[in-house]
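# Structural features, examined
Residue-level listing of the chains:
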Amino acid sequence: MDYRKAAEQIPAEDRPISNKAVSGLGNFFGIYGGEHIAATEFVIGATLVTLGVKASDIFLGLFIGNILATLTYALICAPIAVDTRLTLYSYLKKVMGPYMQTIYIFGD
């Protein structure tokens, strides 16, 4: 059996990430900020302002929430990703099966 042909048939997102493809801390903050911070906070913040919440309460909540989210990502998610060298979707597929992966992707 030719292992190279077998490896090529595995989708790219299901293959482990090579050491050369690992990004640094600057990319981590950029990817995290682009994925999680912008849209959610602006939509929720504007909604809360229209409901009468003070801006200082919103900023305090956003600050605390983002600190907790960053710590969770850095202390829980990142070590798993570094150990397995898989993307979130591939790891989810491996642990919970393809149907849960599909549900997660549509919910994201």
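Residues numbered from 1 in each chain as written. Predicted model: local features only at pLDDT ≥ 70, side-chain atom pairs only at ≥ 80, totals over all residues. Heavy atoms only, no water.

## Thoughts on the overall build of the protein
When helices and strands are tallied, the protein shows 5 helices and 0 strands. Counted from the first residue to the last, the protein has its helices and strands arranged as α-α-α-α-α. Expressed as a percentage of its 108 residues, the buried residues of the protein come to 11%. Restricting to contacts in the protein with at least 6 residues of sequence separation, those with at least 24 account for 52%. Carbon and sulfur atoms make up 68% of the accessible area of the protein, which totals about 8700 Å². (Helix = DSSP H or I, 4+ residues; strand = E, 2+ residues; numbered from the N terminus. Buried < 20%, exposed > 50% of the residue type's maximum accessible area, 1.4 Å probe, protein only. Contact = heavy atoms within 4.5 Å. Areas by Shrake-Rupley, 256 points an atom, 1.4 Å probe, with all protein chains shown as cover.)

## Some words on the environment of isoleucine 44
Summarising the element assignment, isoleucine 44 is placed in helix α2 (residues 25-50). Judged by its relative accessible area of 44%, isoleucine 44 falls in the partly exposed class. Residues isoleucine 44 and isoleucine 58 lie 14 residues apart in sequence; the distance between their C-alpha atoms is 9.1 Å.

Geometric values such as these leave the question of function open.
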